[in-house]
Amino acid sequence: MKTITLLPGDGIGPEVTAATLRVIEAAGARYEWESHLAGSEALAYYGNPLPQEVLDSINRNGVALKGPVTTPVGTGFASINVQLRKALDLYANLRPARNLPGVSSRYDGVDLIIVRENTEDLYSGIEHVVVPGVVESIKVITERASTRIARFAFEHAVAHGRTRVTAIHKANIMKLSDGLFLDCFREVATGYPGIQADDRIVDNLCMQLVLRPEQFDVLLLPNLYGDIVSDLCAGLVGGLGVVPGANFGEKGAVFEAVHGSAPDIAGRNLANPLALIQSAVMMLRYLGETAIADRVHAALLAVLSGRGMRTKDLGGSASTTEFTEAIVREIEA
């Protein structure tokens with residue numbers, strides 16, 4: 001039986017994780033779950049927010065499912081997400097943004113794939129005080145990272161029937177760093193003549209996304225732009241609570257909810273588990289469990305297409321448990 005590393009997270013993390021496991025097990029998924037603490041709870045227990053045993057577990061199992069983990073703002077430990085990506089070389093962040101039935105949004109017909117380079121750029125964390133009152137942060141862009149993320153984007157497009165990959169940059173200003181990212185994209189594109197390849201300056205892209213998001217297909221971005229634009233795209237289809245996320249490396253993958261830990265509603269049975277359930281669907285497909293993934297996805301769509309079964313963030317009054325059990329009933333029907 002396959003073993004999967006489980007990081008329930010904190011805040012609402014344990015609640016949405018429990019809901020997700022309930023749903024995928026009802027659909028027939030059978031795994032051993034190796035659960036570990038990460039973040040503030042791990043810091044309190046181990047003195048380290050990301051214990052080595054977490055990394056060892058993911059390296060050993062090759063797959064992890066992760067709930068939201070609180071990141072302190074302006075102080076405290078570095079983001080667990082960033083630490084995991086660096087430590088495990090999870091170089092590709094994949095964030096689909098699609099309209100869902102019954103989920104209110106400003107746009108229809110949105111079906112975007114955001115591919116974000118995950119290991120460098122300003123997220124390299126190289127910064128220092130030059131003199132008091134002046135801080136310098138270093139943007140790192142390499143040929144190796146830019147080439148492999150471009151190849152990932154094109155391979156994903158081919159595998160999923162996508163027809164266009166658009167590279168996002170600011171090479172008109174950062175001619176060397178973003179210029180290198182763009183050059184690598186163009187070089188990789190020559191190997192995929194069946195896929196349309198073009199590029200946009202990042203500020204123009206943001207304007208175009210809020211005007212006509214349906215014009216884009218696969219978006220390829222460096223780390224910082226990818227972080228910002230992927231959240232923007234989530235906003236086009238209803239918010240972070242309805243979109244999945246995954247991080248891929250050469251030796252494994254971590255599937256995660258991309259929303260926050262919402263400590264204000266933790267333990268109150270109000271959290272929406274939709275994002276993590278969808279991330280688990282991506283995980284099931286990654287593991288070759290296509291039939292189970294299809295079963296869960298179909299049940300989700302059926303529940304969302306019906307009337308009345310919504311958590312509070314989606315305009316309804318259902319609890320976490322009620323929403324979860326509605327999906328389970330649909331699976332078992």
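Report on the accompanying structure. Predicted, not measured: the structure shown is a model, and the values here were computed from it.

Summed over all chains, the structure comprises 17 salt bridges. For Arg 98, the salt bridge identified is with Asp 111, shortest N-O distance 2.8 Å. Taken as a pair, Arg 98 in strand S4 (residues 92-98) and Asp 111 in strand S5 (residues 111-117) lie far apart in primary sequence, 13 residues in all. For Asp 111, a relative accessible area of 34% corresponds to the partly exposed category. One salt bridge in this structure joins Arg 285 and Asp 294, with 2.7 Å as the shortest N-O distance. Exposure remark for Asp 294: the relative accessible area of 39% places this residue in the partly exposed category. Among the charged side chains, a network of salt bridges with common partners joins Arg 98, Asp 111, Arg 162 and Asp 217.

This part covers a nonpolar patch on the surface. A cluster of nonpolar side chains, namely Leu 37, Tyr 45 and Tyr 46, defines an oily patch on the protein surface of about 330 Å² accessible area. Positionally, Tyr 45 belongs in helix H2 (residues 40-46). A relative accessible area of 63% places Tyr 45 in the exposed class.

Each value, and the rule that gives it
- Residues numbered from 1 in each chain as written.
- Predicted model: local features only at pLDDT ≥ 70, side-chain atom pairs only at ≥ 80, totals over all residues.
- Heavy atoms only, no water.
- Salt bridge = Lys/Arg side-chain N within 4 Å of Asp/Glu carboxyl O.
- Helix = DSSP H or I, 4+ residues; strand = E, 2+ residues; numbered from the N terminus.
- Buried < 20%, exposed > 50% of the residue type's maximum accessible area, 1.4 Å probe, protein only.
- Patch = residues over 30% accessible without salt bridge, like charges linked within 9 Å, V, L, I, M, F, W, Y side chains within 5 Å.
- Areas by Shrake-Rupley, 256 points an atom, 1.4 Å probe, with all protein chains shown as cover.

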